[in-house]
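Topology and contacts: notes
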Amino acid sequence: MKRFLGSIAILVAAATLPLAAQETDLPQPEKPPEEQCKPDIGCVTNLPLPRYVSLKGSEGNARRGPGLTHRVDWVFTRAGMPLKITAEYENWRRVEDFEGAGGWVHYSLLSGVRSVMVTLDMAEFHDDPDDASPVIAQAEVGVIGRVQECLPDWCRITLDGARGWVRKSAIWGVKPDETID
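So, a few notes on the structure that sits alongside this text. (Residues numbered from 1 in each chain as written. Predicted model: local features only at pLDDT ≥ 70, side-chain atom pairs only at ≥ 80, totals over all residues. Heavy atoms only, no water.)

This next bit is on the overall build of the protein. When its secondary structure is counted, the protein shows two helices and 14 strands. In the protein, of all internal contacts separated by at least 6 residues, the share reaching a separation of at least 24 is 50%. Carbon and sulfur atoms make up 54% of the accessible area of the protein, which totals about 11700 Å². (Helix = DSSP H or I, 4+ residues; strand = E, 2+ residues; numbered from the N terminus. Contact = heavy atoms within 4.5 Å. Areas by Shrake-Rupley, 256 points an atom, 1.4 Å probe, with all protein chains shown as cover.)

This is how it looks when you write it as structure tokens:
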């Protein structure tokens, strides 16, 4: 009984102390450090966000949330299609296409192989990264090509075996200031 009354006395005494005194007198449990993500860096991969990748297979479900229990909102159906990763959560990546459509896709459906989509009708592909160089091919809107190299204003792209330089303003799938060796 004394023990019980002693505990009450301690609690009553602690309750009468100012809040600041209570906090400093009593040992505080350590809080686990909260995982802080750096702006523009993915917490899972530590790679930059946003960044571009491509669809690995010929089909990929884009879900409303990161997990198989979430509803499929969109299905990507073109192998090699460029996609922009805007967020990461465990094994899931939030992606969008050139029109802004997308959702959460499992990372295994994505490839680091860089591709671009032509966004300008009859985009001209040149022999060299120069408007004065000979035009070796033209491509319609929606054509997908593989990135070989990018300079500040031009990218060298492979389309069905043909290679040529195209202005970045005619394609989607690379950042305006991005260079690729």
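Let's shift gears to the nonpolar core. Counting 15 residues, the largest nonpolar core has Phe-125, Val-147, Ile-157, Val-166 and Val-174 as the members making the most contacts within it. The set of elements that each furnish at least two residues to this core consists of strand E8 (115-118), strand E9 (123-126), strand E11 (144-150) and strand E12 (154-159). Ranked by residue count, the leading element in this core is E12, at three residues. When residues no more than four places from it in sequence are discounted, the contact partners of Ile-157 are Val-116, Phe-125, Gly-145, Arg-146, Val-147, Gln-148, Ala-162, Arg-163, Gly-164 and Val-166. In terms of nonpolar packing, the next biggest core, distinct from the first, is built from twelve residues, Leu-49, Val-95, Val-105 and Met-117 among them. (Core = buried A, V, L, I, M, F, W, Y, C linked by side-chain atoms within 4.5 Å. Buried < 20%, exposed > 50% of the residue type's maximum accessible area, 1.4 Å probe, protein only.)

This brings us to the environment of Gly-164. Here Gly-164 shows up in strand E13 (residues 162-167). Linking Gly-164 and Asp-128, residues 36 residues apart in sequence, is a C-alpha distance of 7.2 Å. Not counting chain neighbours up to four residues away, the residues in contact with Gly-164 comprise Phe-125, His-126, Ile-136, Cys-155, Arg-156 and Ile-157.

Here we take up the pattern of salt bridges. If charged atoms from side chains of opposite charge come close, those side chains can pair. Scanning all chains against the criterion turns up six salt bridges. Of the charged contacts, one joins Arg-51 and Glu-88 as a salt bridge, the two residues approaching to 2.8 Å between their closest N and O atoms. With Arg-51 in strand E1 (residues 51-55) and Glu-88 in strand E4 (residues 82-89), this pair connects stretches of sequence that are 37 residues apart. In this pair, the class of Arg-51 matches that of Glu-88, namely buried. (Salt bridge = Lys/Arg side-chain N within 4 Å of Asp/Glu carboxyl O.)

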